[in-house]
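Listed below are the residues making up each chain.
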Amino acid sequence: MTVNHASILIIGGGAIGCSIAYHLAKLGEKDVVVLEQHRVTHGATWHAAGLVGQLRGKRNLTRLMQYGVQLYERLEAETGQATGWHPVGSLRVASSKERWQEIRRTATTARSFGFELELLDAVEAADKFPLMTTDGVHGAAWIPTDGYIDPTSLTNAYVAGARAGGVRFLEGVRVTGFDIRDRRVQAVHTAEGDWYCDTVVNAAGLWARDVGALAGVAVPAGVVEHQYMVTVKSDQVTPGLPTFRDPDKLAYLKPEAGSLALGGWEADAPAFAENGMPEGFGRELLPSNMDRFEQIVLAAAERIPVFNELGIRELINGPIPVSPDGEPVMGPVPELDNFFVACGFTAGIAASGGAGKTMAEWITAGEPEYDVFTFDVRRFGPHHARPEVLCPRAVESYGRYYAMHWPGEESHTARGLRVSPLYGELAGRGAVYGSKFGWERPNWFSDSSAEHRGGSFDRREAPGFRSIAAEHRAVRERAALFDQSSFAKLEVKGPGALAALQRLATANLDHPPGRVVYTQLCNERGGIECDLTIMRTSAERFYVVTGSGFGVHDFDWIRRHLPPDARLSAREVTAAYAVINIAGPRARDVLGAVTDDDVSNDALPFARCRRVHVGAAPVLAARIGYVGELGYELHVSCDQALYVYRRLRDAGRDHGIADAGYAAIDTLRMEKSYRYWSAEIGPDYTPLEAGLDFCVHFGKGDFIGRDALEAQRDKGIARTLCSFTIDAPPVFYGSECILCGDDVVGSTTSANYGHTAACNIAMGYLPVELASRSAFDIEAFGERYPARRIDGAVYDPDMLRLRA
């Protein structure tokens, strides 16, 4: 059997795989091979509609899409291969008041990071797209740099550019297995022979989950049937028409050589190949279903009456990839050390340019140019790749593509997989559950079903507002119990554990057992890869706690940077321990009533932990928290958690104790200006910029990112995180414009309503030269509101209550 070698082996010759190959060649990688089981573009690429829209909810994701457009503008001239790029612009209309609010919010987000978008009235929208009727149109968004492209031509251009750089493409080669040793792929098996390689990239599109399974890698990329139709040609379809979207009608369309291509995103579309792609499936379509498509074409005809006149040339039904949350799946997998994925692209043609560049950087440099955690495969866990979760979530995400996106909306499918020992008890007390990384977590508590339904951009009209306010006040004035069992937990132990973690953490961990340390783990640029708590429970044993949705990412980062010492172990213990957080000025009174141990401030001060008993149950009590009040995180074996909760609830009755959920945690943390990873902090921000200097201990010795942080300290930072209060209706959620005069100077990272402060609170970065000013404006939904920058936190800035 033939034996071959490649430095980087890409599996999949669709738009994504070919773009990765092209960009690797641009970075000077010469030994790159692409294996395609059929022919280049077969699978989902060849039948894609090819719309290219750039604006996303986060700056970096928009940057990724913008790069694609910049590439498409030059790729044909560079490669000599036509791409069919048409920069005709895009129009998105609002056929409801609620959608117009959403579009205005999007426009504010776009303005916050300098993206070109214009709001139009109905008449102006019709001037851009004369085939539309203005009936019921409340406004529209116009993006002049969007367009559409031919997917097959684009992919062939990637191939031409990659081949010019030395990349080899082999068609008709199917991967059949992997040789894996010591967490690395040593060889890739095919029917034509084995390929030995240094790095594997799974860009297999519709087959990505199947390829991952061959390597023991959980790939959360499902497949859903997607239909669009192409009309017969008509003189009414004039050259230069922009692409068009009316999400209230579930419809998108693009001009296509005198015809119109119309598609949409309906609820309950069929999943395809739930248990793996059919043998031999290649350049194929699925049987079309006009009964299913009828709702889209009838609604579209209300907006574009010409559809009542044009005949249908063909109705295309093709399988497309969809992830559990509808976003792409990219990056290094946690199961193996040299295996990357790039799949799950619902809008793969539009994203292919930026995705290829990002993946090439990740593969060659170990990290992309900027943070793309929203796309990172490590935002998912193994359960997300199971068909029982993946298929219903993929269908739900597909159906929500054009649905109204209300703040705080929850998934409704694949629920109940992970529950804490308190689940039933809290449900009986009115818990309104949300879903996070498979966990059922209380968002708030209410005995009114009316507080569970509906959506609104005004928090006062949104579900749970009154209950959240009451829980917030209970924490500030009395005491409340939070079920935080979903925290991700890792135990690192063995000889050298201290030294290993000291190299990762910015803070000093070399304290006697019983210390709780809040710290960041940084990359070599000083950017924050992880934001977590580390408790030293014995000389060489450490207990690491991070957010529910960050465990796979954070623990993978830790594992990849631990020294290769067989005596040192890192074991996830998330499911072993429940966490009950009791917080509020009466928290010590309640805890003291159920324990014989001393929990006074002298015996258990802030940032310390120790073993105590709650009744007969042993718990690890940690004086730490995220709400800004005296509090204790109680880590307890799951079998005794309900017992501990009931003891605390009974003892707290005379103190007015309440149950509280995660929605109140957010309002409470905003009053304290506590940072949240993936919002205020992340790989693009350093602790010095984020105001976390107190977590950086240069005197402890070397740690990852130290050189970059020292250089930044000596040179001075260019931007700094600030907090703002806004006296306005509670319509702030993050990604709003920060203005100084008429200049956009930043974007809010988070925002919420502070029920104790009785005002809106936001955080965001400012250029350091503006950070001493107090007067700014913050724009939300197209309206400007006066904002005041404040020093420190709006509530208890000296942390007297936290340390009480």
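Residues numbered from 1 in each chain as written. Predicted model: local features only at pLDDT ≥ 70, side-chain atom pairs only at ≥ 80, totals over all residues. Heavy atoms only, no water.

## Looking at the overall build of the protein chain
Item 1. Scanning the protein chain from N- to C-terminus turns up 17 helices and 37 strands.
Item 2. In terms of overall size, the protein chain behaves like a compact globule, its C-alpha atoms giving a radius of gyration of 27 Å where 804 residues would be expected to give roughly 28 Å.
Item 3. Taken over 804 residues, the protein chain has a buried fraction of 62%.
Item 4. Residue pairs in contact within the protein chain that sit at least 24 positions apart in sequence constitute 73% of those at least 6 positions apart.
Item 5. Accessible area for the protein chain stands at about 29,800 Å²; split by element, carbon and sulfur atoms hold 48% of it.
Item 6. For the protein chain, the distance from the average position of its 83 positive side-chain charges to the average position of its 102 negative side-chain charges is 4 Å. (Helix = DSSP H or I, 4+ residues; strand = E, 2+ residues; numbered from the N terminus. Rg over C-alpha atoms; globule rule 2.2 N^0.38 Å. Buried < 20%, exposed > 50% of the residue type's maximum accessible area, 1.4 Å probe, protein only. Contact = heavy atoms within 4.5 Å. Areas by Shrake-Rupley, 256 points an atom, 1.4 Å probe, with all protein chains shown as cover. Lys, Arg positive; Asp, Glu negative; His and termini not counted. Charge placed at Lys NZ, Arg CZ, Asp CG, Glu CD.)

## Examining the environment of Y22
Item 1. As for its position among the elements, Y22 is in helix α1 (residues 15-26).
Item 2. Taking C-alpha positions, Y22 is 9.6 Å from G166, a pair spaced 144 residues apart along the chain.
Item 3. With residues near it in sequence (within four places) discarded, Y22 still touches L71, L75, E78, Y158, G161 and A162.

## Points about the nonpolar core
Item 1. Membership of the largest hydrophobic core comes to 48 residues, with the highest contact counts inside it found for I10, I20, F169 and M359.
Item 2. Listing elements by their share of this core, those giving two or more residues are β1 (3-11), α1, β2 (32-36), α2 (59-79), α5 (151-164), β18 (339-343) and α8 (348-365).
Item 3. Not counting residues up to four positions away in its chain, the partners in contact with I20 are I10, V201, A203, A342, G356, M359, A360 and I363.
Item 4. Grouped together as the second largest cluster of nonpolar side chains are 37 residues, A6, V211, V223 and M277 included. (Core = buried A, V, L, I, M, F, W, Y, C linked by side-chain atoms within 4.5 Å.)

## What to know about the sheet that holds strand β33 (residues 737-740)
Item 1. With antiparallel pairing, six strands are arranged side by side around a closed barrel as β32-β35-β34-β33-β36-β37. Going from strand to strand, the sheet's axes swing by 40° on average, the running direction of each strand aside.
Item 2. Looking at chain direction, strand β32 (residues 719-726) and strand β35 (residues 759-767) are connected through eight bridges and run antiparallel. If you follow I726 over to β35, its bridge partner there is N760.
Item 3. Most of the contacts of helix α16 (residues 662-671) go to strand β34 (residues 743-754), to which it runs at about 125°, and overall it touches β34 and β35. (Pairing = 2+ DSSP bridges. Axes fitted to C-alpha atoms, helices over the stretch in contact; angles between N-to-C directions.)

## Here's the deal with the sheet that holds strand β31 (residues 658-660)
Item 1. Sheet architecture is open: six strands sit in the order β28-β29-β30-β27-β21-β31, paired in mixed fashion. Every interior strand has two partners, whereas the edge strands, β28 (609-614) and β31, have only one. Looking at each pair of strands side by side, their axes are set apart by 30° on average, direction ignored.
Item 2. One ladder, built from three bridges, connects strand β21 (residues 480-483) with β31; its direction is parallel. Its bridge partner lying in β31, A480 is registered against A658.
Item 3. Running over the sheet, helix α11 (residues 465-477) touches β21, β27 (577-583) and β31 and is turned about 120° from β31.
Item 4. Its contacts with the sheet place helix α15 (residues 641-652) against β21, β27, β28, β29 (617-622), β30 (631-637) and β31, and it is angled at close to 15° to β27.

## Examining helix α9 (residues 387-399)
Item 1. Along its 13 residues, α9 runs 18 Å from first to last C-alpha, staying within 8% of the 18 Å computed at 1.5 Å per residue.
Item 2. The buried count for α9 comes to 11 of 13 residues, which makes it a mostly enclosed element.
Item 3. All of the buried residues in α9 are P387, V389, L390, C391, R393, A394, V395, E396, S397, Y398 and G399.
Item 4. Tucked into the core, α9 has its buried residues touching α6 (208-214), β12 (222-231), β15 (259-264), α7 (290-303), β16 (312-322) and β19 (431-436). (Expected span 1.5 Å × (residues − 1).)

## Thoughts on unusual backbone geometry
Item 1. Positive phi is not limited to glycine here, since F781 has a value of about 55°.
Item 2. Of note in this structure, D796 is not a glycine but carries a positive phi near 45°.
Item 3. Here D796 shows up in the segment after β37 (783-790).

## So, the pattern of salt bridges
Item 1. Applying the stated criterion across every chain yields a total of 52 salt bridges.
Item 2. Across the pair R476 and E671 runs a salt bridge whose closest N-O atoms are separated by 3.0 Å. With R476 in helix α11 and E671 in helix α16, this pair connects stretches of sequence that are 195 residues apart.
Item 3. On the basis of relative accessible area, R476 is assigned to the buried category, the value being 4%.
Item 4. Each of R183, D337, D376, R378, D556, R559 and R560 takes part in one network of salt bridges that share partners. (Salt bridge = Lys/Arg side-chain N within 4 Å of Asp/Glu carboxyl O.)

## Thoughts on the side chain of S96
Item 1. For S96, the position within the fold is in the loop between β4 (90-94) and α3 (97-112).
Item 2. Side-chain polar atoms of S96 contact the side chain of D248, separated by 3.3 Å.
Item 3. Once you skip the residues sitting within four places of it in the chain, S96 turns out to touch G136, H138 and D248. (Polar contact = N/O pair within 3.5 Å; in protein donor to acceptor, adjacent residues only side chain to side chain.)

## Comments concerning the packing of aromatic side chains
Item 1. In total, this model carries 26 aromatic pairs according to the counting rule given.
Item 2. Ring geometry for F465 and Y753: centres 6.2 Å apart, planes at 50°, overall tilted. One end of the pair, F465, is in helix α11; the other, Y753, is in strand β34, and 288 residues separate them in sequence.
Item 3. Look at F465 and you get buried, because its relative accessible area is 17%.
Item 4. Judged by its relative accessible area of 18%, Y753 falls in the buried class.
Item 5. Ring plane angle 35° and centroid distance 6.5 Å describe the contact between Y518 and F694, whose orientation is recorded as tilted. Of this pair, Y518 sits in strand β23 (residues 516-522) while F694 sits in the loop between α16 and α17 (706-715), placing them 176 residues apart in sequence.
Item 6. In this structure Y518 comes out as partly exposed when scored by relative accessible area, which is 27%. (Phe/Tyr/Trp six-rings, centres within 6.5 Å; stacked < 30°, edge-to-face > 60°.)

## Side note on α1
Item 1. Between the first and last C-alpha of α1 there are 16 Å, a value that for 12 residues agrees with the 16 Å anticipated at 1.5 Å per step.
Item 2. Within α1, burial applies to A15, I16, G17, C18, S19, I20, A21, Y22, H23, L24 and A25.
Item 3. Residue G28 follows α1 closely and has a positive phi angle near 95°.

## Some details on a negative patch on the surface
Item 1. Together, E116, E118, D121, E124 and D127 make up a negatively charged patch on the protein surface.
Item 2. Within the secondary structure, E118 is located in strand β5 (residues 118-120). (Patch = residues over 30% accessible without salt bridge, like charges linked within 9 Å, V, L, I, M, F, W, Y side chains within 5 Å.)

## Here we look at the pairing of β4
Item 1. In terms of burial, β4 is a largely internal element, four of the five residues being buried.
Item 2. Taken together, the five bridges between β4 and strand β6 (residues 139-143) define a ladder with antiparallel strand orientation. Within β6, the residue paired with R92 across the bridge is A141.
Item 3. Across three bridges, the pairing between β4 and strand β13 (residues 243-246) is parallel. Note that in β13 the partner of L91 across the bridge is F244.

## Some thoughts on the packing of α11 against α16
Item 1. Orientation of α11 relative to α16, taken along the N-to-C sense of each, is 55°, at an axis distance of 9 Å. When the axes of α11 and α16 are compared, the pair comes out oblique. Regarding α11 and α16, the two cross each other, and that crossing is right-handed. Contacts between α11 and α16 involve I468, E471, H472, V475 and R476 from the first element and A663, A664, T667, L668 and E671 from the second.
Item 2. When grouped by side-chain class, the residues that make up the contact of α11 with α16 number five nonpolar, two polar and three charged. (Parallel < 35°, antiparallel > 145°, perpendicular 65-115°, else oblique. Left-handed = near helix turned anticlockwise from the far one by under 90°. Nonpolar A, V, L, I, M, F, W, Y, C, P; charged D, E, K, R; others polar.)

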